[in-house]
Amino acid sequence: MKEFIQSLPKVELHLHIEGTLEPELMFELAKRNDIHIPFNSITEVRHAYNFHNLQSFLDIYFQGANVLINEQDFFELTWAYLLRCKEDNVMHTEIFFDPQAHTERGISFDVVVNGIHGALVKATTELGITSELIMCFLRHLDEESAFKTLAQAQVHKDKIIAVGLDSTEVGNPAGKFERVFKLALEQGYLTVAHAGEEGSASNIHEALNLLKITRVDHGVRCTDDENLVKQLINDRTPLTVCPLSNLKLKVFEHMEQHNIVTLLRKGVCVTINSDDPAYFGGYMTDNFMAVNQALPMNKIEIAQFTFNAIEASFIANSEKQRLATATQGYLDQHQ
Ligand code: HPA
Ligand code: ZN
């Protein structure tokens, strides 16, 4: 099954580019940019990646991002991720970035976007990987900061398809950003939001109703509310689930307890994603493998995650058709 999963065409919809910063690159950039990091070795860094909840991860994640200074740094970060995509046969990826994690440190919005976007353009021609960019607001910061970030994005609107919401879920309800999301929708962005990761099923309701989101990032707590699950099935609302992330951040104690396969079999549009692969111990293939190991599936079920992700993606219908045909061809060949 490893070979089948490794070469299966994939689409990633929940990936924080700052979360792909591998310790090796963190060290290299810290040295190049003369930034102090509180680790003496790569082993020490990996040791620190022992999280007990979302916040303990976020503290390390923002600290890691401090080594990113120049456009070239953002380019190299993104390019390294795209090379990993190639290994896992990820054909299309929709990438989050957290501009405020950088602008708060005095790095310009333009430096961040141009570095990431440069690598995405190169990947289209050199790797045959297509992509979209989603700008996330940090929900632990205030509404004013989010409005300011939306304004900074204006000149880069052609490079950004959607806005999202990440960082500390509990204590920072979707309603805090209702007005920013309303303006973003008026400006033509699509909207997504992290909800129901650590927070309750009611957070998912709130994000759907107040922020008009087209996908729920994580959303695994939906199973606490049977009617919500029914609604997600009826509306084909996609959930971008991140199995290894959920395990690392103790959303589920064991993969055997994860609800992703139950949700798939119920007909929810669930997808598999890597979230912050450098921190959570795996990229796309690793996530598929971990789920299948704990909760064995047949090949049709495994490929359904790709079909769901194609459906849930923000690409044109003709492009969706092309990816679906490639995936079906692969499945037919391997039955
Ligand atoms: N949840 C919330 N915020 C995040 C995450 C996550 O899993 N990853 C990066 N920022
Ligand atoms: Zn996330």
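- You'll find the chain entered in an unreviewed UniProt entry as Adenine deaminase, with Colwellia psychrerythraea given as the organism.
- The heading Catalytic activity (unreviewed entry) in the UniProt record of the chain holds the text "adenine + H2O + H(+) = hypoxanthine + NH4(+)".
- Database annotation for the chain, UniProt heading Sequence similarities (unreviewed entry): "Belongs to the metallo-dependent hydrolases superfamily. Adenosine and AMP deaminases family. Adenine deaminase type 2 subfamily."

Let's talk about the sheet that holds strand 7 (residues 239-241)
Through backbone hydrogen bonds, the strands of a sheet pair up, either in parallel or in antiparallel fashion.
Working step 1: Taken together, eight strands build an open sheet; the order of strands is 1-2-3-4-5-6-7-8 and the sheet is parallel. If you trace the sheet from one side to the other, it starts and ends with strand 1 (10-16) and strand 8 (270-272), each paired once. When the angles between neighbouring strand axes are averaged without regard to direction, this sheet yields 25°.
Working step 2: Alignment of strand 6 (residues 215-218) against strand 7, held across two bridges, turns out to be parallel.

Focus: the site of ligand 1
Working step 1: Near ligand 1 you find H16, L54, F57, L58, Y61, D166, S167, H194, E197, H218, D275 and D276, and these make up its full shell.
Working step 2: S167 has a polar backbone atom sitting 2.8 Å from a nitrogen atom of ligand 1.
Working step 3: Contact between ligand 1 and E197: a nitrogen atom at 2.8 Å from a side-chain N or O atom of the residue.
Working step 4: When ligand 1 is considered free in solution it has 260 Å² of accessible area, and contact with the protein chains removes 100% of it.
Working step 5: Ranked by the residues each element gives to the shell around ligand 1, the list is headed by helix 4 (residues 54-65), at four residues.

Examining the nonpolar core
Working step 1: Judged by nonpolar contacts, the single largest core of 101 residues is most densely connected at F97 and Y279.
Working step 2: It is helix 7 (residues 109-126) that provides the largest number of residues to this core, a total of seven residues.
Working step 3: In contact with F97, other than residues within four places in its own chain, are I17, E18, F109, V112, V113, I116, L133, I134, M135, C136 and I160.
Working step 4: Judged by nonpolar contacts, the second largest core, of nine residues, contains V11, C269, A312 and L323.

Some thoughts on the packing of helix 10 (residues 201-211) against helix 11 (residues 226-235)
Working step 1: Contact geometry for helix 10 and helix 11: axes closest at 10 Å, N-to-C directions at 40°. Taken together, helix 10 and helix 11 sit at an angle that is classed as oblique. Our pair here, helix 10 against helix 11, has a crossing hand that is left-handed. Contacts between helix 10 and helix 11 pair A201, I204, H205 and L208 from the former with L228, Q231 and L232 from the latter.
Working step 2: Partitioning the contact of helix 10 with helix 11 into residue classes produces five nonpolar, two polar and no charged.

Brief notes about helix 11
Working step 1: Residues of helix 11 that are buried include every one of L228, V229 and L232, and no others. All buried residues of helix 11 project into a common sector of 100° when viewed along the axis, lining one side. Opposite the buried face of helix 11, by more than 90 degrees, sit the exposed residues E226, N227 and N234.
Working step 2: Buried residues in helix 11 make contact with helix 10, strand 7 and helix 13 (260-266).
Working step 3: Within two residues after helix 11, R236 carries a phi angle of roughly 55°, on the positive side.

A word on the packing of aromatic side chains
Two descriptors summarise a pair of aromatic rings, namely the distance from one centre to the other and the angle between the planes of the rings.
Working step 1: This model, assessed by the stated rule, comprises 14 aromatic pairs.
Working step 2: With a centroid separation of 5.5 Å and an interplanar angle of 75°, the aromatic rings of F57 and Y279 are classed as edge-to-face. Taken together, the residues span a long stretch of sequence, with F57 in helix 4 and Y279 in helix 14 (residues 277-280) at a distance of 222 residues. With respect to burial, F57 and Y279 carry one shared label: buried.
Working step 3: Relative to F109, the ring of F97 has its centre 6.1 Å away and its plane inclined at 70°; by these criteria the two rings are edge-to-face. Placement of F97 in strand 2 (residues 90-97) and of F109 in helix 7 is noted, with a sequence separation of twelve residues between them. We note that F97, like F109, is buried.

Digging into the pattern of salt bridges
Opposite charge on two side chains permits pairing when their charged atoms draw close.
Working step 1: Going through the model one piece at a time under the given rule, you end up with 16 salt bridges.
Working step 2: We note a salt bridge from R46 to E24, for which the minimum N-O separation is 3.7 Å. Within this pair, whereas R46 is found in helix 3 (residues 42-48), its partner E24 is found in helix 2 (residues 23-33), the two being separated by 22 residues in sequence.
Working step 3: As a salt-bridge pair, D286 and R84 come within 4.0 Å of each other at their nearest N and O atoms. A residue pair is termed long-range when its members are at least 10 positions apart, and D286 in helix 15 (residues 284-294) and R84 in helix 5 (residues 71-87) qualify at 202 residues.

Quick look at the environment of L228
Working step 1: Within the secondary structure layout, L228 lies in helix 11.
Working step 2: A residue is classified by how much of its surface remains accessible, and L228, at 0% relative accessible area, is buried.
Working step 3: Sequence-wise, L228 and A201 are 27 residues apart; in three dimensions their C-alpha atoms are separated by 7.8 Å.
Working step 4: Each residue touching L228, except ones within four places of it in the same chain, is listed here: A201, I204, H205, L208 and C222.

Digging into the coordination of the zinc ion (ligand 2)
Working step 1: At 2.1 to 2.3 Å from the zinc ion (ligand 2) lie its protein donor atoms, namely H14 (NE2), H16 (NE2), H194 (NE2) and D275 (OD).
Working step 2: Every donor counted, the four donor atoms about the zinc ion (ligand 2) form angles of 82 to 174° at the centre, which fits irregular coordination.
Working step 3: In primary sequence terms, the donor set of the zinc ion (ligand 2) follows H-x1-H-x177-H-x80-D. Taken together, the residues span a long stretch of sequence, with H16 in strand 1 and H194 in strand 5 (residues 190-195) at a distance of 178 residues.

The rules behind the values
Residues numbered from 1 in each chain as written. Chains lettered and ligands numbered in written order. Predicted model: local features only at pLDDT ≥ 70, side-chain atom pairs only at ≥ 80, totals over all residues. Heavy atoms only, no water. UniProt positions renumbered as here; feature names shortened; annotations may be inferred. Pairing = 2+ DSSP bridges. Helix = DSSP H or I, 4+ residues; strand = E, 2+ residues; numbered from the N terminus. Axes fitted to C-alpha atoms, helices over the stretch in contact; angles between N-to-C directions. Near = heavy atom within 4 Å. Polar contact = N/O pair within 3.5 Å; in protein donor to acceptor, adjacent residues only side chain to side chain. Areas by Shrake-Rupley, 256 points an atom, 1.4 Å probe, with all protein chains shown as cover. Core = buried A, V, L, I, M, F, W, Y, C linked by side-chain atoms within 4.5 Å. Buried < 20%, exposed > 50% of the residue type's maximum accessible area, 1.4 Å probe, protein only. Contact = heavy atoms within 4.5 Å. Parallel < 35°, antiparallel > 145°, perpendicular 65-115°, else oblique. Left-handed = near helix turned anticlockwise from the far one by under 90°. Nonpolar A, V, L, I, M, F, W, Y, C, P; charged D, E, K, R; others polar. Arc of directions from axis to C-beta. Phe/Tyr/Trp six-rings, centres within 6.5 Å; stacked < 30°, edge-to-face > 60°. Salt bridge = Lys/Arg side-chain N within 4 Å of Asp/Glu carboxyl O. Donors = N, O, S within 2.8 Å, 3.2 Å for Na, K, Ca; no water. Tetrahedral: all angles 85-135°; square planar, octahedral: opposite > 155°, others 65-115°.

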